[in-house]
Amino acid sequence: MDNHFSIFKLKISEWTRAGRFLIFWLELIRMAGKDMRLGIICSVGVAGNYIFFRDLLGGGAVFLADIRVILSFALGVASFFYLAYFLSGYWFMIYRTNYGVCVRDACFQLCVAVVSGLCLLGVGTAPALAAFIAANAVMLFAYKAYLSKRKHFDMTVARAIGLDRSVHDALPSGVPRSGTGKVQIGDELRNCFAVRNGQSHDVAVGDNEVLPLGVGVKEISPKAPRLTVKGVRGSGGEEDLFIKDINPNRYFRDRVWNDCLVPLGNGHEHDKFKSIRFSAEGAQGAKCYVSLPLFGGARCAPGKDMNIYVLVVDSLRSDHFLSAEGMKERGFGALSGMIKDSVVFSNAWTQGPWTLPTYGAFLSGLFPSYHGVNHPRTQKGIGSEIRLLPEILKENGYITNGYATGPRTVPNYGYSRGFDRYHYRITDKELNESTVERAFSWAMEADRKSGARGRQFYYLHILDAHWPYYPPRDREWVLNRISTEDVVRDVKANRKVPGALDFTNEQLLYFNDLYKAELDLCMHHIDRFVAYLKDMDKYDDSLVIIMGDHGTNFAEHGVIGKFDLYGEFVNVGMSVKFPAGLGLVPRLEDSPVEANIDIAPTVLDLAGIDPKGQRFSGKSLLDEAALAGRRFAISEDIYVKRCSISLRDRNYSFIYRTEFDCSSFANFERRNEVFEMYDLKKDRGEKSNIVAEVPLAVKNEFVEALNLHVNSALEYLKAGKRVVIAL
């Protein structure tokens, strides 16, 4: 489908009434074609509305029966679908989730309300209408209080998120405390404060010479609000620094944050600005948002002003991460050169098989059993007592930027904490929307606008290599084999369809080639980004990490799309390009690396930053003694009522399974236990379970390490118990 239509759908529909109405019908038709249940729900709702209006018009208002039937049907159809359109827009406004989900839930809600009203229609029209309204009210309450947490929590952007701690603690004098928070404008969340219509705020300048100003509006009003920024001198004089009418109805650019650098040093040595005055004018209740922090924070230790770039390629398997020579053959010259300059860890293991827990592990440096974000239905978010990597970097003067795509990186989990800018958006890959191209364009624009040479942290989460696979046709045609059989590309949407994911060998090869084509696209844009860093003279002194957050499977163990702890799920590609001239580059490329949790301590070690008591499960990659002494790499899969823990060394993989209420790891129990062991020297694919054949002394080593790991997590969570696992 054309990219121009994609842009229309994903952008214009959010801002124009006609666009939203058209997209509502497109989504409804598309979903009804795929799921007959939605068609049934709509039919029941329309039929109920028809019966209601026929009864309402039956009192002589319309004398001809045929006209009454036609008019009742027309009113029934129009009222049902208009209310569905209105409700779907309401849910979309609140949750910013997939619009199709909002359409489906709105239709279901209305169907329930219509059926409730029909039950009382025999009593009278007024009781039926009251029942319809009451049912809608109950559904709204239930949806917000319960269903949204189960269905939408993993896909939503909260309407109000509190300020980051470091920003709140360092608010300059004059910033209104009541109007602060993290607000999303366009696709980007920022710490900010609100300047309401008719109000003004004088903010102290201090010794700062530049004001990095970011402004925007969230609510659309008939009259465009005007933000005025003035410099107030010590003598009382004022000078206009910035005046802008922000009109998202007219200008597309005003639908996102507007950034500029405002110089404050103006040659008045003896009459400098003592404060900056922010004021807004517009419609009643209108307000402008100004991003925080207004001025730079503390500086890092001398000589530690490196830039940090963490490029996470979702689902990047180790066996599909090309070598420097392979990158060169594909035409990725800049990336090939960087791989040569990097340490490539062939034995890197993630701490989980999917994004939600592994992203939390990356940010916190803690195992998923510690940080607790393991499933959207059982957790609310990462605890505020855990200081995340971006928070620690921000406290030490870094500019922190995050680009997140996909439902498992939503800010509601606390994952936006510490980021000055957190770009979040669920992308529609079926419409050929490339996340990797957008991510790197956004990063390069942010880098240019910042004007900073160092002390920048970028986290870019690239979703393209995760199914569903819709690579650009040029890459798909180059890489795929000759195949007359197409495959199901959207694995998630077809998990419950019998036989849909039972691929033939030819289909599996084709499916794997689609994955390679998506990876090829990712590496192409990473290559361009590396070339950009070199052109901007930021390459040599930067830390650049490429890694997968987890792997993926191609039916090696069961059906495609099922998560587990076998190698294809947790053995990821990982390379680390350290800053030049360190002389500290580790030489233990084949040592077991716990990929997600080792990054935070490594970054802070390189930056010379003391985490001040923050505990990490991982080890710094600069600590060769710790890497050499690491006996096992540990991964976890904690999901609703099942728990699996794997331990790996160079010779064996060991997987332990149990069942308990996984809303918290503190509920750990031994129930329906399963033990698996595989000889990685002879059986790299982990096909033959040899737990009964392995010498007891070897098994006991793994079990002892498993007990230590489980009890350490229980101690961290203050569960007040210890367990003893035995074969």
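A brief report on the enclosed structure follows. Remember, predicted model here, so these are calculated numbers, not experimental data. (Residues numbered from 1 in each chain as written. Predicted model: local features only at pLDDT ≥ 70, side-chain atom pairs only at ≥ 80, totals over all residues. Heavy atoms only, no water.)

Tracing the sequence through the fold places Glu 568 in helix α16 (residues 567-570). Of the side chains with opposite charge, Arg 317 comes closest to the buried, unpaired Glu 568, at an N-O distance of 5.8 Å. Only 2.6 Å separates the side chain of Glu 568 from the side chain of His 557, close enough to count as a polar contact. Sequence-distant contacts of Glu 568, defined by excluding residues within four places in its chain, comprise Arg 317, Gly 551, Thr 552, Asn 553, Glu 556 and His 557. (Helix = DSSP H or I, 4+ residues; strand = E, 2+ residues; numbered from the N terminus. Buried < 20%, exposed > 50% of the residue type's maximum accessible area, 1.4 Å probe, protein only. Lys, Arg positive; Asp, Glu negative; His and termini not counted. Salt bridge = Lys/Arg side-chain N within 4 Å of Asp/Glu carboxyl O. Polar contact = N/O pair within 3.5 Å; in protein donor to acceptor, adjacent residues only side chain to side chain. Contact = heavy atoms within 4.5 Å.)

With that settled, the discussion passes to the packing of helix α10 (residues 355-364) against helix α17 (residues 595-607). Relative placement of two packed helices is described by the angle separating their axes and the distance separating the axes. One way to put it is that α10 packs onto α17 with a least axis distance of 6 Å and a crossing angle of 20°. Taken together, the axes of α10 and α17 are roughly parallel relative to one another. Where α10 crosses over α17, the handedness of that crossing is right-handed. Facing α10, whose interface residues are Thr 358, Ala 361 and Phe 362, α17 presents Asn 596, Ile 597, Ile 599 and Ala 600. Considering only residue class, the contact of α10 with α17 consists of five nonpolar, two polar and no charged. (Axes fitted to C-alpha atoms, helices over the stretch in contact; angles between N-to-C directions. Parallel < 35°, antiparallel > 145°, perpendicular 65-115°, else oblique. Left-handed = near helix turned anticlockwise from the far one by under 90°. Nonpolar A, V, L, I, M, F, W, Y, C, P; charged D, E, K, R; others polar.)

Within the open sheet, the four strands sit side by side as β19-β20-β21-β22. Their pairing is antiparallel. Two strands close off the open sheet at either side, each with one partner strand: β19 (633-639) and β22 (674-679). Averaged over neighbouring strand pairs, the angle between their axes works out to 10° when direction is ignored. Direction of pairing for strand β21 (residues 652-659) relative to β22: antiparallel, over a ladder of six bridges. Note that in β22 the partner of Ile 655 across the bridge is Glu 676. (Pairing = 2+ DSSP bridges.)

Moving on, we come to the environment of Glu 636. On the secondary structure map, Glu 636 appears in strand β19. Classification of Glu 636 as buried rests on a relative accessible area of 1%. Considering only alpha carbons, one finds Glu 636 and Ser 369, 267 residues apart in sequence, at a separation of 7.6 Å. If sequence neighbours within four positions are ignored, Glu 636 has contacts with Gln 351, Gly 352, Pro 353, Phe 367, Pro 368, Ser 369, Leu 565, Ser 644, Ile 645 and His 709. Polar contacts involving the side chain of Glu 636 include one to the side chain of Ser 369, which spans 2.8 Å.

A separate point is the packing of aromatic side chains. For the coordinates displayed, the defined rule picks out 32 aromatic pairs. Ring centres 5.5 Å apart and planes at 75° place the aromatic pair Tyr 309 and Phe 529 in the edge-to-face group. With Tyr 309 in strand β10 (residues 308-313) and Phe 529 in helix α15 (residues 505-535), this pair connects stretches of sequence that are 220 residues apart. Both residues of the pair, Tyr 309 and Phe 529, count as buried. In textbook terms, an aromatic cluster arises when at least three aromatic residues are bridged by ring pairs, as seen for Phe 632, Tyr 652, Phe 654, Tyr 656, Phe 675 and Phe 702. When the ring centre of Tyr 539 is taken as origin, the NZ or CZ atom of Lys 534, which lies over that ring, is 4.8 Å away. If you follow Lys 577 out to its NZ or CZ, it ends over the ring of Tyr 539, 4.4 Å from the centre. (Phe/Tyr/Trp six-rings, centres within 6.5 Å; stacked < 30°, edge-to-face > 60°. Lys NZ or Arg CZ within 6 Å of the ring centre and 35° of its normal.)

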